[in-house]
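An overview of the molecular structure
Letter by letter, the chains look like this.
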Amino acid sequence: MTESSDRPEILVGIDGSPGAQAAIRWAAGEAALRDASITLVHVIAPIVPTWPIETIEAEYAQWQQENAQHLIKQARATIDEVVEGASVPMVRDEIRYDGVVPGLAAVSRTASMLVLGSRGLGLVGGAVLGSVSRGVLHRADCPVVIVKGNAVAAPDQTSPVLLGIDGSPASEAATAFAFDEASRRGVELVALLAWSDVGVFPMFGMDWHKYEQQGHELLAERLAGWQERYPDVNVRRRIVCDRPAHWLIEAAVQAQLAVVGSRGRGGFPGMRLGSVSTAVAESAVVPVIVIPEPS
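In this report, we go over the structure that sits alongside the text. Sequence order sets the numbering: in each chain, residues are counted from 1 along the sequence as written. Thresholds applied to this predicted model are a pLDDT of at least 70 for local features of residues and 80 or more for the giving and counting of side-chain atom pairs; totals over whole chains, interfaces and linings are not thresholded and use all residues. Values reported for side chains reflect all heavy atoms of the structure, with hydrogen atoms and water molecules removed beforehand.

All right, on to the overall build of the chain then. In DSSP terms, a helix is any run of H or I states spanning at least four residues, a strand is any run of E spanning at least two, and both are numbered starting from the N terminus. When helices and strands are counted, the chain shows nine helices and ten strands. For every residue, the accessible area (1.4 Å probe, protein chains only) is compared with the maximum for its type, and the residue is labelled buried under 20%, exposed over 50%, or partly exposed between those bounds. Buried positions account for 46% of the 295 residues belonging to the chain. In what follows, residue pairs with any heavy atoms lying within 4.5 Å of each other are defined as contacts. Of the contacts formed within the chain by residues at least 6 apart in sequence, a portion of 80% connects residues at least 24 apart. All accessible areas in this document rest on Shrake-Rupley with a 1.4 Å probe, and a residue is counted as covered only by the protein chains that are shown. As displayed, the chain has an accessible area near 14,400 Å², and 54% of this comes from carbon and sulfur atoms.

Structure, rendered in structure tokens:
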């Protein structure tokens, strides 16, 4: 392996959960596509003892260290398995001592992306998006990839990349990212635009066909520059009336990856994660990349 100072860095949060294992595998494939380095990040949370027994604290701290090293060794073996026969990226590891969410958010500041399982250890029955992944989505400064750990099979590598687009600043950043992903993978890009965030058309009796045409014009305008920059990417456009989260989750079944902005037109100043991106990250069956709004 060789290291390059200008190589992009993909971070992977590891904790030994099935979701983290799926995240490691996805990140390894992405690193090979991007010639990126991988940094495996394990955060050791502070010990908050209920009994002031120093011996127990010391033994638990030692176990945390040994467990961290075991997880890193296991993750490296998984990466070697995934990239066998491909370009092998530089793999580093980092153990941080912090709260898990603040620790992962801190390392996101200089990374090209942060990959997480949808839920880690200590999950609550029925929860799809765990407290750590949800918390990091709200605080990370780089794109965050949420990978489900219960996928039955790997997605078809010829399936398209799905993009949710609405014209917001975060959506524009997501568009750039989605075109790049589709180009690297050599697949079609499906760009889906929902004209409204709520079901207003049936409610007010609006002429959907009139607004559908305006939607196609808006979508063509938003995509034109990117299609010129990525002439190799075939784009399929979809216009839907409302409920963008519903349609994105449904369309994701036929995709290998979904890309959304962190918040859309309905967001307000200071808001880091919108309802649509939350719902898609929560329920889509494929990896979801949430792109933060440019600062």
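Turning to the pairing of strand S1 (residues 9–13), a few remarks are in order. Sheet faces and side chains relate simply in a regular strand, where the side chains alternate between the two faces. By the criterion of burial, S1 is predominantly enclosed, with four of the five residues buried. Where S1 meets strand S2 (residues 37–44), five bridges bridge the pair, whose relative direction is parallel. Directly across from Glu9, in S2, lies its bridge partner Ser37. Taken together, S1, helix H1 (residues 18–34) and S2 constitute a β-α-β crossover, and its handedness is right-handed. Strands are labelled as partners when DSSP assigns at least two bridges between them. When the strands point away from the viewer and the connection leading from the first strand across the helix to the second strand turns clockwise, the crossover is called right-handed.

Let's shift gears to the packing of aromatic side chains. The aromatic pairing rule takes the rings of Phe, Tyr and Trp, using the six-membered ring of Trp, and pairs them if the centres are within 6.5 Å, calling planes under 30 degrees apart stacked, those over 60 edge-to-face and the rest tilted. Per the stated rule, a full pass over the model turns up three aromatic pairs. Pairing Tyr60 with Trp63 gives two aromatic rings, centres 5.7 Å apart and planes at 20°, and the pair type is stacked. Taken as a pair, Tyr60 and Trp63 lie in helix H2 (residues 54–82) at a separation of three residues, close to a single helical turn. With a relative accessible area of 41%, Tyr60 lands in the partly exposed category. A connected cluster of aromatic rings, assembled from ring pairs, spans Phe179, Trp226 and Tyr230.

Moving on, we get to the side chain of Glu30. Tracing the chain through its elements places Glu30 in helix H1. In contact with Glu30, other than residues within four places in its own chain, are Ile10, Met113, Glu181 and Arg185.

Here H1 crosses helix H5 (residues 169–185) at 80°, and the two axes come no closer than 10 Å. With respect to their mutual orientation, H1 and H5 come out roughly perpendicular. Along the contact surface, H1 presents Trp26, Glu30, Leu33 and Arg34, while H5 presents Phe177, Asp180, Glu181, Arg184 and Arg185. Nonpolar residues are Ala, Val, Leu, Ile, Met, Phe, Trp, Tyr, Cys and Pro. Charged residues are Asp, Glu, Lys and Arg, and all others, Gly as well, are polar. Residue composition of the contact of H1 with H5, by class: three nonpolar, no polar and six charged. Fitted lines through C-alpha atoms serve as axes, helices being fitted only where they are in contact, and the angles separating the N-to-C directions of these axes extend from 0 to 180 degrees. Roughly parallel here means an angle under 35 degrees, roughly antiparallel means over 145, roughly perpendicular means 65 to 115, and every remaining angle is called oblique.

The set of buried Ala, Val, Leu, Ile, Met, Phe, Trp, Tyr and Cys residues whose side-chain atoms join them within 4.5 Å is what this entry labels a nonpolar core. Residues Leu40, Val115, Leu189 and Val259 are the most contacted members of the largest nonpolar core, which totals 46 residues. Broken down by element, the residue count for this core peaks at seven residues, all from H1. Contacts of Val115, omitting those with residues within four sequence positions, involve Ile10, Leu11, Val12, Gly13, Ala23, Trp26, Ala27, Val145 and Val147. Listed in part, the 32 residues of the second largest apolar core include Ala111, Leu116, Leu162 and Ala194.

Between its terminal C-alpha atoms H5 stretches 25 Å, which fits the 24 Å expected from 17 residues at 1.5 Å a residue. Every buried residue of H5 is listed here: Ala170, Ser171, Ala174, Thr175, Phe177, Ala178, Phe179, Asp180, Glu181, Ala182 and Arg185. Note on H5: the residue one or two positions beyond its end, Gly186, has a positive phi of about 65°. One less than the residue count of a helix, multiplied by 1.5 Å, gives the span that helix is expected to have.

The next thing to look at is the pairing of strand S4 (residues 113–117). Burial analysis of S4 places five of its five residues in the buried class, the great majority of the element. Burial of the side chains of S4 extends over both faces: Met113, Val115 and Gly117 are buried on one face and Leu114 and Leu116 on the other. The pairing of S1 with S4 spans three bridges and is classified as parallel. Paired with Val12 across the bridge in S4 is Val115. When S4 meets strand S5 (residues 144–147), the two strands line up parallel, connected through four bridges. Each residue of the ladder has a partner; that of Gly117, found in S5, is Val147.

Any carboxyl oxygen of Asp or Glu within 4 Å of a side-chain nitrogen of Lys or Arg constitutes a salt bridge here. Scanning all chains against the criterion turns up eleven salt bridges. Two residues, Arg34 and Asp180, come together in a salt bridge whose shortest N-O distance is 3.3 Å. With Arg34 in helix H1 and Asp180 in helix H5, this residue pair connects regions lying 146 residues apart in the sequence. For Arg34, a relative accessible area of 15% translates into the label buried. Beyond isolated ion pairs, a larger network of salt bridges with shared partners links Glu30, Arg34, Asp180, Glu181, Arg184 and Arg185.

Time to look at the sheet that holds S4. Strand order in the open sheet formed by ten strands is S3-S2-S1-S4-S5-S10-S9-S6-S7-S8, with mixed pairing between adjacent strands. Both edges of this open sheet fall to strand S3 (91–97) and strand S8 (235–240), since each of them pairs with a single strand only. Within this sheet the neighbouring strands show an average axis-to-axis angle of 20°, counted without direction.

In short, shape yes, function no, at least from these values alone.
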